[in-house]
Amino acid sequence: MESFIEPAEDPSTEGSIVQPPPGKFLEQNEQEERLSNHLVTNGTVDFRGRIADKRSTGGWRASPFIIVNEVAERLAFFAIAVNMVSYLVVEMHQAIPDAATHVTDWIGAAYVLTLFGAFLADAYLGRFKTIVIFSCIYAVGMVLLTLSASIDSFRPPPCRSRPCTNKATDNQTAFLYGALYLIALGTGGIKPCVSSFGADQFDEADQKELPKKYAFFNWFFFAINMGALIGITLMVYIQEKKGWGWGFGVPTGVMILSIFILAAGLRFYRFQKPMGSPFTRFVQVFVASVSNFLRGVRVRSEYELFEVTTEESDIKGARKLPHTSQYRFLDKAAVVTDSETITRNRWKLCTVTQVEECKSFIRILPIWASTIALEISFAQVSTFFIQQATIMDRKLGPTNFTIPSGSVPIFAAINALILVPIYEKLLVPILRKRTGQRRGITSLQRMGVGLFISIFAMASAALVEKKRLDDPDKANMSVFWLFPQFFLVGSAEVFTYVGQLEFFYDEATDGTRSISSAMFLSEIGIGSWLSTAIVKIVQKTTGGLEKGWLRNTLNRSRLDYFYWILTAINVLNLVVYLVLAMRYKGRTSSGGRVNDDPMVQMGDGHFVRRSRDDGNGDLRSVAF
């Protein structure tokens, strides 16, 4: 290897060092600059722990492995979800309303557990390890569920008369629910990490990679629906023709295979290192704020706020955040009361970045809460929508083929598969020219469109159910009458779900990406639990299983009244959402950025602040 530093050959300069020619320095600098241009700027590393190189990691070379894992997980989940009510009614001999609430409780647990999975990913394991570990837990649950469906002793004896008196034993029920909740735990670990892990493969600071990241969210949602489509068609068909054991066994094999496929992409991935528990940092901010408030501390100027002087923030692996003017009470956590004392105790003194991280999380909570109602409606897809299909004519034209009731949600899945490419390839370029938005419309606008469509979805469901009940020949009413409600629910999900993916990822800070993804996923769980609560309230207030709106037999129920209640909830929710969305100012809000205040740094007994632009485009540092 050629050296830039060589001993002099001239005796008159013996012992001195000859400097390399200037051209050598220029060549070396150019090489270093080219190398730095190929390295990511978002702090991700490759599987060897080195700063990730864009030429060999990330992007679309890594994304397919991640998407395959998500397709497999969704295939397995929907193969269970759309048929579990039928399984509980037919095999475990439960009443329809009870089975529906048990399924929504299970779905709710799966999505609320995403908060736990996100906590582990952000604080300790990282996203990739969390996905692998919980995929294995998921697979174990699938194996146990397959055993429950395959071995006769794990189910009650078949019913030979009605009403059925052969109830499942406590042990049989416990084994089944144990399998289901292992699957729920696996879902909770995978779901909050997989979309964020996929987005980590694109460097936001690279203008070539940034558009690909937002395209990834659309195609990721496309993949979710592809998995759902296979789950509710091929897997349900196998259940119908080969039995429950095969119906659950095939998705089990697919899930196990997806773990190996995910591991095969190891050398292509970019990994974000764990940054510690964000919940702990949030609590520290509140404790320090309250403590200083009780001591009478006031924030007289943003220049009193504490920040470390290092290039990186005090949160390992996270970039610094500028001070904002919202939620000023929390600024008390960063007030330096004694300039002679620098403390590392974050329970007493937090950095500006830590406070702003907490503010960013609080800022998204109203938007999060105002989109839960859609999930109450979507919970009906795997419960009452399926039960409606079960008692309708499901013959396909003049043929003898009968559509399995569990496959009827294909109406919603196909809609999503059609809408995503149309939106991404046709509508986004047109909207981009009109609005100037990189994504055509903002994430908040996209969610609003979805919530608006959800109103018509539930109104359609109510009208169709009313027609079905009034039809004297109910059994011959075609299942295709359910198409509008499935189509509209699927459309609402296309707009809202992808909008949520974009919004919660964009508004998250470096240290809260998984938690932020889990927040919007937990909406699905909370919506399912609220659906259970509404079902029980309607049952109790309208006469119970014998005389109420929701009975064990749908033909004697008034499911249309229940759907009108959900329609009214969606209308009220949309009004609340619009008010909150119009007032929202976030980290990435165009025209209303809240990141507009100077950031102050402190170190070694003095303060350093970054002032506003001095008019020449420069930010000046001032020490005092």
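Since this is a predicted model, take the numbers as computed values, not measurements.

Student: Looking at this structure, how should I read the nonpolar core?
Tutor: The nonpolar side chains of a soluble globular protein tend to be buried, and buried together. Ranked by size, the top nonpolar core spans 104 residues in total, and within it Ile80, Met84, Trp106 and Leu145 carry the most contacts. Residues contacting Leu145, with those up to four places away along its chain left out, are Ile80, Met84, Leu176, Ala179, Leu180, Ile183 and Phe248. In this structure, Phe378, Val464, Val479 and Val489 belong to the second largest nonpolar core, which totals 31 residues.

Student: Sorry if this is basic, but what is going on with a nonpolar patch on the surface here?
Tutor: The grouping of Val143, Leu147, Ile151, Ile256 and Phe260 at the surface amounts to a nonpolar patch, some 410 Å² of accessible area in total. Contributing elements (two or more residues each) for the nonpolar patch: α5 (127-150) and α8 (244-264). Tracing the chain through its elements places Val143 in helix α5. Classification of Val143 as partly exposed rests on a relative accessible area of 36%.

Student: Can you walk me through the packing of helix α2 (residues 63-90) against helix α6 (residues 170-199) in this structure?
Tutor: Packing of α2 against α6 leaves a shortest axis separation of 10 Å and a crossing angle of 145°. You can see that α2 and α6 cross each other, and the crossing is left-handed. In this structure, α2 uses Ile66, Asn69, Glu70, Glu73, Arg74, Phe77, Ile80, Met84, Tyr87 and Leu88 to contact α6, whose residues at the interface are Leu176, Leu180, Ile183, Thr187, Ile190, Lys191, Val194, Phe197 and Gly198.

Student: Explanation requested: the side chain of Arg394 in the structure shown.
Tutor: Mapping Arg394 onto the fold places it in the loop between α12 (384-390) and α13 (410-435). No salt bridge is formed by the buried Arg394; the nearest opposite charge belongs to Glu240, separated by 5.4 Å. There is a polar contact of 3.1 Å between the side chain of Arg394 and the backbone oxygen of Ala389. Other than its neighbours up to four places away in sequence, Arg394 contacts Ala389, Phe401, Thr402, Ile403, Pro404, Ser405 and Val479.

Student: So what exactly am I meant to see when it comes to helix α3 (residues 96-112) here?
Tutor: In an α-helix, one full turn covers 3.6 residues, which means residues spaced three or four apart are oriented alike. Over its 17 residues, α3 runs 24 Å from end to end, which matches the ideal 24 Å to within 8%, given 1.5 Å per residue. Of all 17 residues making up α3, 13 are buried, and the element is well covered by its neighbours.

Student: Mind showing me how you'd approach the pattern of salt bridges here?
Tutor: Side-chain pairing between opposite charges can occur once the charged atoms of the two side chains come close. Under the criterion given, the structure shown has 17 salt bridges. For the salt bridge of Lys359 with Asp331, the shortest nitrogen-to-oxygen distance reads 2.9 Å. Placement of Lys359 in helix α10 (residues 352-369) and of Asp331 in the loop between α9 (278-294) and α10 is noted, with a sequence separation of 28 residues between them. Two residues, Asp470 and Lys466, come together in a salt bridge whose shortest N-O distance is 2.5 Å. With a gap of 4 residues between them, Asp470 and Lys466 both fall in helix α14 (residues 443-470), about one helical turn apart. We classify Asp470 as partly exposed; its relative accessible area is 49%. Several salt bridges converge on common partners, so that one network encompasses Glu91, Asp152 and Arg155.

Student: Sorry if this is basic, but what is going on with helix α18 (residues 559-583) here?
Tutor: With 25 residues, α18 ought to run about 36 Å at 1.5 Å a step, and its terminal C-alpha atoms sit 37 Å apart, in line with that. Where α18 is buried, its residues contact α10, α11 (372-378), α12, α14 and α16 (513-542).

Student: Sorry, what's going on with the packing of helix α4 (residues 114-125) against α6 here?
Tutor: Each pair of packed helices can be summarised by the angle the axes make with each other and by the distance between the axes. At a minimum axis distance of 7 Å, the contact between α4 and α6 shows a crossing angle of 60°. Comparing their axes, α6 and α4 come out oblique. Once α4 is placed against α6, the crossing between them reads as right-handed. Only Leu185, Thr187, Gly188, Gly189, Lys191, Pro192 and Cys193 of α6 make contact with α4, whose side of the interface consists of Thr114, Phe116, Gly117, Ala118 and Ala121.

Student: Explain the packing of aromatic side chains to me, please; I cannot follow it from the model alone.
Tutor: Aromatic rings considered in pairs are described by the distance between their centres and by the relative angle of their planes. Applying the stated rule across the entire model yields 35 aromatic pairs. With a centroid separation of 5.8 Å and an interplanar angle of 35°, the aromatic rings of Trp244 and Phe248 are classed as tilted. Here Trp244 and its partner Phe248 are both found in helix α8, 4 residues apart, which amounts to about one turn of the helix. Classification of Trp244 by relative accessible area gives buried; the value is 18%. When the centroid spacing of 5.7 Å and the interplanar angle of 65° are considered together, the rings of Phe384 and Phe562 count as edge-to-face. Within this pair, whereas Phe384 is found in helix α12, its partner Phe562 is found in helix α18, the two being separated by 178 residues in sequence. Classification of Phe384 as buried rests on a relative accessible area of 3%. Classification of Phe562 as buried rests on a relative accessible area of 0%. Among the aromatic residues, those joined into a ring-pair cluster are Phe65, Phe128, Phe197, Phe268, Tyr269 and Phe271. The lysine or arginine in question, Arg558, covers the ring of Tyr561, its NZ or CZ lying 4.4 Å from the ring centre.

Student: Looking at this structure, how should I read the confidence of the model for the chain?
Tutor: Any region with low pLDDT has predicted coordinates that should not be read closely. Scored by pLDDT, the chain comes out at a mean of 79, with 86% of its residues at no less than 70. Within the chain, the lowest mean pLDDT, 27, falls on strand β5 (residues 619-623), and the highest, 92, falls on α5. The low-confidence segment residues 31-35 (pLDDT under 50) makes 1 contact with residues lying over four places distant or belonging to another chain. Note that pLDDT drops below 50 for residues 589-624; the model gives that stretch 98 contacts with residues more than four away or on any other chain.

Criteria and thresholds
- Residues numbered from 1 in each chain as written.
- Predicted model: local features only at pLDDT ≥ 70, side-chain atom pairs only at ≥ 80, totals over all residues.
- Heavy atoms only, no water.
- Core = buried A, V, L, I, M, F, W, Y, C linked by side-chain atoms within 4.5 Å.
- Buried < 20%, exposed > 50% of the residue type's maximum accessible area, 1.4 Å probe, protein only.
- Contact = heavy atoms within 4.5 Å.
- Patch = residues over 30% accessible without salt bridge, like charges linked within 9 Å, V, L, I, M, F, W, Y side chains within 5 Å.
- Areas by Shrake-Rupley, 256 points an atom, 1.4 Å probe, with all protein chains shown as cover.
- Salt bridge = Lys/Arg side-chain N within 4 Å of Asp/Glu carboxyl O.
- Helix = DSSP H or I, 4+ residues; strand = E, 2+ residues; numbered from the N terminus.
- Axes fitted to C-alpha atoms, helices over the stretch in contact; angles between N-to-C directions.
- Left-handed = near helix turned anticlockwise from the far one by under 90°.
- Lys, Arg positive; Asp, Glu negative; His and termini not counted.
- Polar contact = N/O pair within 3.5 Å; in protein donor to acceptor, adjacent residues only side chain to side chain.
- Expected span 1.5 Å × (residues − 1).
- Parallel < 35°, antiparallel > 145°, perpendicular 65-115°, else oblique.
- Phe/Tyr/Trp six-rings, centres within 6.5 Å; stacked < 30°, edge-to-face > 60°.
- Lys NZ or Arg CZ within 6 Å of the ring centre and 35° of its normal.
- pLDDT = per-residue confidence, 0-100.

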